[in-house]
Amino acid sequence: MEEPKKITNEAEAIQMLRQYNDDLLPRKFGIVGNTWTALLIIIFLTGVYCYTNQLRYGLSITGMRDFVFWGIYISNFVFFVAISLVGSLVTAVLYLLNIPWRAPLSRISEVIAVAAVIFAGLIIIVDMGRPERIVNMFLHGRIQSPIVWDVMVVTTYMTLSILLLYFPLLPGIAFCRDNLKGIPKWQKWMYNILSLGWKYSPEQYHIVKKAITILSVMIIPVALCIHTVTSWLFASTYRPGWDSTNFGAYFVSGAFVVGAGGVIAGMAVLRKFYPSYKTYLTDLHFDRMGKLLVLLTVVYAYFSINEYLIPAYKMKGEEAEHLHELFTGYYAPLFWSVQFFGMVLPIIVLLFKKGRKPIPMFIMAVLVVVGAWFKRYLIVIPTMSYLPIQEIPEAWKHYAPTFQEWAITLGSLAGALLIITFFVRFFPIISVWEVAEERGVSHETIYKHLNEGNEK
Amino acid sequence: MEDEQKNRRNFLKFGFLAAGLTAAGVALNKVASGDEGAEEKVKVLTADGRLAEVAKSKVESSESLSAASKHVRQGIPGRKFIMVIDLTRCKNARKCLEGCQKMHNFLPPVEWLKVKEMQDSELSGKYWFPQLCYQCDNPPCCKVCPVGATFKRSDGIVGIDNERCIGCKFCMAACPYSSRSFNYGNPKQVEYSKNHPLKSCHTMDPNMVGTVSKCDFCPDFGSKGILPACVRSCPNGVIFYGDENEDVVSNGEQVLRLKDLLVNNGGYRQFEVFGTKPRVYYLPPVNRLFPFKPDPVEHNQEE
């Protein structure tokens, strides 16, 4: 598989740009898209309703109790933070490395990152017993607390991610403004405001390029921080399974895996429902992302082995009890399925060229993402479940999320997917100018072409 | 410009004069009232055991510490509260935790003080192990609190400000002894809290839904020289409470020297390896007064 050839001829370039614009403008959803959106809205609103119940009756509506005091809200938070790291991976790392096939993927990954990090921020508030006191973080915030670090890096990452999504999107919004016909007034108005008077001039492109480079350099350390600090929320305690110096690297490596999985799943879905995207999200992209996913998963496997093998070698006290529960006890079926389907199987399948075709890739990506969600569950919950305590209600030791807790958690996942869905509906999910640039089309040509289009 | 400066100088002069006169007036007034002998006298016990009568203003009253003022965060001056739990005497009567629940208005199954069945190794015997917040001198909970809602006081107590707690539960994760409880808003508890307003509590209000609570070492009693609820409720004198600075602890029947008690009976603290430096010591369960009997009743089965 070869990368597409660079375009040198100007006429050819303009021809291609026209084709791009026809192919990549956002379109109205069909029946599948509308059903999907409606379903997400229903799940999201159910979650919101259950959260109002939680506000009224307190966290007693959840399955959490004094011993298992962090439940699926927290594991879901870790999941969101993890998947949001993909923004920095594809948009920033691959960009700075000048990887020649990354342009069509960058916006998909960035929108996943933004949606995930927004809901990471929201779900952590859902877990709080007193969400209305969040202002205390600013009035009485203590810099010694890892939670304060987490708030700082999550908000920084959110800001950088939104900018990194928005700046490259400016030409796209402007193009929607100028070329989408028959759209409602509010939509036109939205494009007008959001495009910030974009004129497609080479100077503007130059500024945006510069901004992207600066943001890409900035976001990489912040991305590492956000998940490392999230891991420290656990690693800074004395509890078996959390008390680990390996946790930062383990979390970050796992985050890149689930993020890459998320992007691959997104690519496959877009290709399925927008047949014209096949020209942009080609088999080459799946092949390269497949190879990347194998690399990331192997790194993750390395840190996983570190995380479990060495404590298992020593088998000391409470740590041994915890590991027994994971390896052979109550959590064993889930633990081994997650390891196999979320790590081993994807590595094996994606090592083969046939495995890196869109359909097997999609299946592997879904396995990776779902496996990653349950992996976070296994990181957060079992540690608190088995303590040498007598005469405590069973429900206190064995955590089982309640229906409302599931509804809120699923609502947050649906909310993140809704952000992505609405984005795809109203904005170009593949960046035309970046793809054109990747093919060697200069900004001057783009400028010329688009101004010519406007005159018509 | 010059006029303005002159004006200002005059104003300052006048101000100083006025302030000086006021201060003099206050001082005179004080001297005068002192002469009249209007101030209330209180009887106090001096360090060498004599009873003396002094002016009330000379005595620092513990009652002045009761409000939710900044004193609550500072602690009672000169005190270092400490506890010694004698494992040879415990027979799982569970009166301590019932007394605690009554005192602090919370319902089972929440227990600030738990009595656990312990067995250190296969061949050693079982014994009962009362456990509460150890008020650590190096408290991991205070270290991680994002808003300073849980704090270490000068008298050794780890307090919680339930008005400030945001309910993130990070302190519960940090505590290696799992001695913290969270008010999840259990409807029965909410109803009970409504009907039983807390009478006196220095550090925390466990009835506040969505916040963390734990054993607070009953500092409002300690400051008045009254023993905490758990100590008073225990029928076997298991729990000794006192002041490290005074080197004295008491279980209500005996008053013992702290150092002698710990040195001569092999006092130890739980999980010394964590470096948390608990303020609660245990005396090992040797030559126990009561043979270990498993609890016939299963407690706390209801959620």
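**Student:** Sorry if this is basic, but what is going on with the overall build of chain A here?
**Tutor:** For chain A, the helix and strand inventory stands at 19 helices and 0 strands. Relative to the 2.2 N^0.38 estimate, which gives 23 Å for 456 residues, the radius of gyration of chain A is 23 Å and therefore close to what a compact globule would have. Taking the principal axes of the C-alpha coordinates as reference, chain A spans close to 80 × 50 × 45 Å. For chain A, the proportion of its 456 residues judged to be buried stands at 47%. Contacts in chain A between residues at least 24 apart in sequence constitute 84% of all its contacts with a sequence separation of at least 6.

**Student:** Explanation requested: the sheet that holds strand β11 (residues 248-250) of chain B in the structure shown.
**Tutor:** Sheet strands associate in pairs through backbone hydrogen bonding, adopting either a parallel or an antiparallel arrangement. All names here are of chain B. The strand order across the open sheet formed by 5 strands is β12-β11-β10-β3-β13, and the pairing between neighbours is mixed. For this open sheet the edge positions go to β12 (255-257) and β13 (280-283), each flanked by a neighbour on one side alone. Ignoring which end each strand starts from, the neighbouring axes of this sheet average 25° apart. Examined bridge by bridge, strand β10 (residues 239-243) and β11 share 3 bridges and lie antiparallel to one another. The residue of β11 that forms the bridge with aspartate 243 is valine 248.

**Student:** What exactly am I supposed to notice about the interface of chain A and chain B here?
**Tutor:** In many analyses, interface size is given as the accessible surface area lost on bringing the parts together. With 36 residues of chain A in contact, the opposing surface of chain B contributes 37 residues. Of all the secondary structure elements, the ones that give two or more residues to the side of chain A that touches chain B are α6 (136-139) and α7 (146-179) of chain A. Top element by residues in the side of chain A that touches chain B is α7(A). It accounts for 3 residues.

**Student:** Teacher, can you tell me more about the packing of helix α4 (residues 86-96) of chain A against helix α5 (residues 103-126) of chain A here?
**Tutor:** Between two packed helices, both the angle of their axes relative to each other and the distance between the axes serve to describe the pair. All names here are of chain A. Packing of α4 against α5 leaves a shortest axis separation of 7 Å and a crossing angle of 145°. The hand of the α4/α5 crossing is left-handed. Mapping the contact onto sequence places Val86, Gly87, Val90, Thr91 and Tyr95 in α4 and Leu105, Ser106, Ser109, Glu110, Ile112 and Ala113 in α5.

**Student:** Would you mind showing me how to read helix α3 (residues 95-104) of chain B here?
**Tutor:** Because an α-helix packs 3.6 residues into every turn, residues spaced three or four apart end up facing the same way. All names here are of chain B. All of the buried residues in α3 are Cys96, Leu97, Cys100, Met103 and His104. Seen from one end, α3 has its buried residues packed into an arc of 125°, which puts them on one side. Buried residues along α3 sit against β4 (114-119), β5 (126-131), α8 (229-233) and β10. Asparagine 105 occupies a position one or two residues after α3 and carries a positive phi of about 60°.

**Student:** Please clarify how unusual backbone geometry should be interpreted in this entry.
**Tutor:** Residues other than glycine predominantly adopt negative phi, and peptide bonds predominantly adopt the trans conformation. Residue and element names in this part refer to chain B. Residue proline 109 is bonded to the preceding proline 108 through a cis peptide linkage, with omega at 10°. Within the secondary structure, proline 109 sits in the loop between α3 and β4. With a phi angle near 40°, cysteine 218 is a residue other than glycine that sits in the positive phi range. By the C-beta count within 10 Å, which is 26 here, cysteine 218 ends up buried.

**Student:** Looking at this structure, how should I read the packing of α5(A) against α7(A)?
**Tutor:** Residue and element names in this part refer to chain A. Contact geometry for α5 and α7: axes closest at 9 Å, N-to-C directions at 150°. Considering their axes alone, α5 and α7 lie roughly antiparallel with respect to each other. Here α5 runs over α7; the crossing is left-handed. Here Glu110, Val111, Ala113, Val114, Val117, Ile118, Ala120 and Gly121 of α5 come into contact with α7, specifically with Val154, Tyr157, Met158, Ser161, Ile162, Leu164 and Leu165. Split into classes, the residues belonging to the contact of α5 with α7 amount to 12 nonpolar, 2 polar and 1 charged.

**Student:** How should I be thinking about the nonpolar core in this particular structure?
**Tutor:** Looking at soluble globular proteins, one finds that nonpolar side chains tend to be buried together. Residues A:Ile112, A:Ala116, A:Ala120, A:Ala260, A:Val263, A:Ile264 and B:Ile239 are the most contacted members of the largest nonpolar core, which totals 194 residues. Tallying contributions element by element places α5(A) first for this core, with 16 residues. Once residues within four sequence positions are removed from consideration, A:Ala120 is found in contact with A:Phe77, A:Phe80, A:Val81, A:Ser84 and A:Val154. Formed by 5 residues, the second largest nonpolar core is a distinct cluster that contains A:Leu323, A:Leu326, A:Phe335 and A:Val338.

**Student:** Help me out: how do you make sense of the pairing of β5(B) in this one?
**Tutor:** Consecutive residues of a regular strand have side chains that alternate between opposite faces of the sheet. Residues and elements named next belong to chain B. Counting buried positions over the 6 residues of β5 gives 5, a clear majority of the element. Across 6 bridges, β4 lies against β5 in antiparallel orientation. When the sheet's bridge partners are listed, methionine 118 is paired in β5 with tyrosine 127. Taken together, β4 and the strand that follows it, β5, pair antiparallel across an intervening segment of 6 residues.

**Student:** I'm lost on the environment of A:Thr155 in this one. Help?
**Tutor:** All names here are of chain A. In this fold, threonine 155 is placed in helix α7. Here threonine 155 falls in the partly exposed class, since 13 other C-beta atoms lie within 10 Å of it. Remark: the alpha-carbon pair of threonine 155 and glycine 415, spanning 260 residues in sequence, is separated by 19 Å.

Conventions used here
- Residues numbered from 1 in each chain as written.
- Chains lettered and ligands numbered in written order.
- Predicted model: local features only at pLDDT ≥ 70, side-chain atom pairs only at ≥ 80, totals over all residues.
- Helix = DSSP H or I, 4+ residues; strand = E, 2+ residues; numbered from the N terminus.
- Rg over C-alpha atoms; globule rule 2.2 N^0.38 Å.
- Buried ≥ 20, exposed ≤ 12 C-beta atoms within 10 Å, placed from the backbone.
- Contact = placed C-beta atoms within 7 Å.
- Pairing = 2+ DSSP bridges.
- Axes fitted to C-alpha atoms, helices over the stretch in contact; angles between N-to-C directions.
- Left-handed = near helix turned anticlockwise from the far one by under 90°.
- Arc of directions from axis to C-beta.
- Parallel < 35°, antiparallel > 145°, perpendicular 65-115°, else oblique.
- Nonpolar A, V, L, I, M, F, W, Y, C, P; charged D, E, K, R; others polar.
- Core = buried A, V, L, I, M, F, W, Y, C linked by C-beta atoms within 7 Å.

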